[in-house]
Number of protein chains: 2
Amino acid sequence: MNATPRWLTPEQQAAWDGFIRMQEKLIGRLSRRVQADSRMSPADYIVLAKLTEAGGRMRFMDLTKLVEWEKSRMSHQVARMAKRGLVDKEDCPDDGRGAFIIATPAGREAIEEAAPVHVEHVRRLFIDALTQEELDTLARISNRVLAHLEKQPD
Amino acid sequence: MNATPRWLTPEQQAAWDGFIRMQEKLIGRLSRRVQADSRMSPADYIVLAKLTEAGGRMRFMDLTKLVEWEKSRMSHQVARMAKRGLVDKEDCPDDGRGAFIIATPAGREAIEEAAPVHVEHVRRLFIDALTQEELDTLARISNRVLAHLEKQPD
DNA sequence: CACGAGTGGTTGACACGTCAACCATTACCT
DNA sequence: AGGTAATGGTTGACGTGTCAACCACTCGTG
């Protein structure tokens, strides 16, 4: 059908499979725990975290770029969060298209409550599994992969 | 409210953030590419791959355990795949509750076409970014985290 | 044999993400 | 000024994942 497909070597397979399995289990468990303990999804968490870090009031697109999401994803997310009272939207006077996203008091309260819980789960599930040296190595590897991805289109 | 929250050290933060960013971008890009190039989602891919590896006919629960999913996830997934003609369901004569999942010819064809594409994307996005030594290291780290997770409840 | 517990599997409601199309406004170009 | 492109943001449809409840059958025990 085509030229030989170049399968992965067993070592490459092992690395990929291990990484995938680990990442799925880790992320899955973390999100379930965070959600169970704080009534906030990871998406809620990151949006509120970045938003409050920046003072609790930000232009929609700035927030979107900050967390590196697609705008439609953020739009849906903000709509859901607004419905639950975590954020508000406000028209931008300078730009008729624009909108500000604002953390409500309830939103600030929610994230302040969730943050330590979140950190604690990250610690227990991930940090505690590894030495600082391993963490550094993983950081280096992650950045290598990221840099590699950014060199390619898409 | 509670005892001091024990935030992460900057090095720990860096490792966690880097890992998360990497993992999101990598998985996101991989699934978009696989989907675009083969009309199959990663979920379709893994289910069909495991199913055909096992001969193309398996008990529902065996398949579910093999890919380490929840049964309801598999049930939904299989239903969708059946609707698209990738698999069939068949009652189990020995156990009135049970079902066999069967890869259809179309399903076998689809995975045979998708597999090299999948491998190639994994290679380009991930394998090519790292040396074999780094891959080995990552595998070791992944297994450490996995082992750590399996020691904890949930 | 009866009955309760466990297993195999489905279902429905809901949250989430992507894609593509769309609308409104602003910026750019001549 | 006027048209066109770009930006800011929303929307709807759809595929996917989770949770909890549920149904049907089998199995173990008294």
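Residues numbered from 1 in each chain as written. Chains lettered and ligands numbered in written order. Predicted model: local features only at pLDDT ≥ 70, side-chain atom pairs only at ≥ 80, totals over all residues. Heavy atoms only, no water.

S.K.: When you look at the packing of aromatic side chains in this model, what are you seeing that I'm missing?
M.R.: Each aromatic ring pair is characterised by the separation of its centres together with the angle its planes make. Counted by the stated rule, this structure contains 7 aromatic pairs over all chains. Note on Phe19 of chain A and Phe126 of chain B: the rings are 5.5 Å apart at their centroids and 20° apart in plane angle, and the pair reads as stacked. Here the residue Phe19 of chain A occupies a position in helix H1 (residues 10-38), and Phe126 of chain B occupies one in the loop between helix H5 (105-125) and helix H6 (132-151), the pair thus bridging two chains. For the pair shown, Phe19 of chain A and Phe126 of chain B are each scored as buried. In this structure an aromatic cluster arises from ring pairing among Trp16, Phe19 and Phe126 of chain A together with Trp16, Phe19 and Phe126 of chain B. Between Arg59 of chain A and the ring centre of Phe100 of chain A, over which it is positioned, the NZ or CZ distance is 5.9 Å. (Phe/Tyr/Trp six-rings, centres within 6.5 Å; stacked < 30°, edge-to-face > 60°. Helix = DSSP H or I, 4+ residues; strand = E, 2+ residues; numbered from the N terminus. Buried < 20%, exposed > 50% of the residue type's maximum accessible area, 1.4 Å probe, protein only. Lys NZ or Arg CZ within 6 Å of the ring centre and 35° of its normal.)

S.K.: Explain the sheet that holds strand E3 (residues 99-103) of chain B here, please?
M.R.: The strands that make up a sheet are held in pairs by hydrogen bonds between backbone atoms, and each pair lies either parallel or antiparallel. Residues and elements named next belong to chain B. Taken together, the 3 strands give an open sheet; going across it, the order is E1-E3-E2, and neighbouring strands pair in antiparallel fashion. Edge positions in the sheet fall to strand E1 (57-59) and strand E2 (87-91), since each has one partner strand and no second. In this sheet, neighbouring strand axes are inclined to one another by 25° on average, regardless of whether the strands run parallel or antiparallel. Two elements, E1 and E3, share 3 bridges in a ladder whose sense is antiparallel. The residue bridging Arg57 from the neighbouring strand is Ile102, located in E3. (Pairing = 2+ DSSP bridges. Axes fitted to C-alpha atoms, helices over the stretch in contact; angles between N-to-C directions.)

S.K.: Before we go on, may I ask you to explain the protein's contact with DNA strand C in this structure?
M.R.: Taken together, 23 residues are adjacent to DNA strand C, and Arg73 of chain A together with Met61, His76, Arg97 and Ala99 of chain B come closest. Sugar and phosphate atoms form 58% of the subset of DNA strand C atoms that lie within 4 Å of the protein. Contact between DNA strand C and Arg59 of chain B: a phosphate oxygen at 3.5 Å from a side-chain N or O atom of the residue. Here a phosphate oxygen of DNA strand C and a backbone polar atom of Met61 of chain B are 2.7 Å apart. Of all the elements in the fold, those that place two or more residues in the surface near DNA strand C are helix H4 (71-83) of chain A together with helix H3 (60-66) and helix H4 (71-83) of chain B. For the surface near DNA strand C, the leading source of residues is H4 of chain A, giving 5 residues. For the surface near DNA strand C, a count of residues per class yields 3 nonpolar, 9 polar and 11 charged. (Near = heavy atom within 4 Å. Polar contact = N/O pair within 3.5 Å; in protein donor to acceptor, adjacent residues only side chain to side chain. Nonpolar A, V, L, I, M, F, W, Y, C, P; charged D, E, K, R; others polar.)

S.K.: Just to check I follow, could you spell out the sheet that holds strand E2 (residues 87-91) of chain A for this structure?
M.R.: Residues and elements named next belong to chain A. In spatial order, the strands read E1-E3-E2; together these 3 strands make up an open sheet with antiparallel pairing. The sheet terminates laterally at strand E1 (57-59) and E2, the two strands that pair on one side only. Across the sheet, the mean angle separating the axes of adjacent strands is 25° when strand polarity is ignored. Relative to strand E3 (residues 99-103), E2 is paired through 5 bridges, and the arrangement is antiparallel. When the sheet's bridge partners are listed, Val87 is paired in E3 with Ala103. Its contacts with the sheet put H4 on E2 and E3, and the angle it makes with E2 is roughly 115°. (Contact = heavy atoms within 4.5 Å.)

S.K.: Just to check I follow, could you spell out the packing of H1 of chain A against helix H1 (residues 10-38) of chain B for this structure?
M.R.: Two measures define how a pair of helices packs: the angle their axes make with one another and the distance between the axes. The N-to-C vectors of H1 of chain A and H1 of chain B enclose an angle of 110°; their axes lie 12 Å apart at closest approach. When the interaxial angle is binned, H1 of chain A and H1 of chain B end up roughly perpendicular. When H1 of chain A is examined against H1 of chain B, the residues Trp16, Phe19, Ile20, Met22, Gln23, Leu26, Ile27 and Leu30 of chain A are found in contact with a partner set consisting of Trp16, Phe19, Ile20, Met22, Gln23, Leu26, Ile27 and Leu30 of chain B. Residue composition of the contact of H1 of chain A with H1 of chain B, grouped by class: 14 nonpolar, 2 polar and no charged. (Parallel < 35°, antiparallel > 145°, perpendicular 65-115°, else oblique.)

S.K.: I would appreciate a short explanation of the relation of the copies chain B and chain A in the present structure.
M.R.: Put simply, the two copies of the chain differ by a rotation about an axis and a shift along that axis. With an RMSD of 0.0 Å, the fit of chain B onto chain A corresponds to turning through 180° and sliding 0.0 Å along the axis. This pairing of chains is accounted for by a two-fold axis. Both copies present the same face, since 98% of the interface residues in chain B are matched by interface residues at the equivalent positions in chain A. (Least-squares fit on C-alpha atoms with pLDDT ≥ 70 in both.)

S.K.: Which parts of the structure should I look at to understand the protein's contact with DNA strand D?
M.R.: Within the structure, DNA strand D sits among 23 residues, and Met61, His76, Arg97 and Ala99 of chain A together with Arg80 of chain B are positioned closest to it. Counted by atom, the contact set of DNA strand D within 4 Å of the protein is 60% sugar and phosphate. Interatomic distance of 2.9 Å between a side-chain N/O atom of Ser75 of chain A and a phosphate oxygen of DNA strand D. Counting only elements with at least two residues in the surface near DNA strand D, the list comes to helix H3 (60-66) and H4 of chain A together with H4 of chain B. If one sorts the elements of the surface near DNA strand D by residue count, H4 of chain B sits on top with 5 residues. When its residues are assigned to classes, the surface near DNA strand D shows 3 nonpolar, 9 polar and 11 charged.

S.K.: I would appreciate a short explanation of the interface of chain B and chain A in the present structure.
M.R.: Accessible area lost when the parts come together is the quantity often used to give the size of an interface. Across the boundary between the two partners, chain B contributes 56 residues, which contact 56 residues of chain A. Taken over both partners, the interface formed by chain B and chain A buries close to 5900 Å², and the fraction arising from carbon and sulfur atoms is 63%. Broken down residue by residue, the surface that chain B buries against chain A is led by Trp16, Phe19 and Leu149 of chain B, which jointly contribute 11%. The salt bridge involving Arg140 of chain B is made with Glu134 of chain A; its shortest N-O contact spans 3.4 Å. (Buried area = accessible area lost by both parts, 1.4 Å probe. Salt bridge = Lys/Arg side-chain N within 4 Å of Asp/Glu carboxyl O.)

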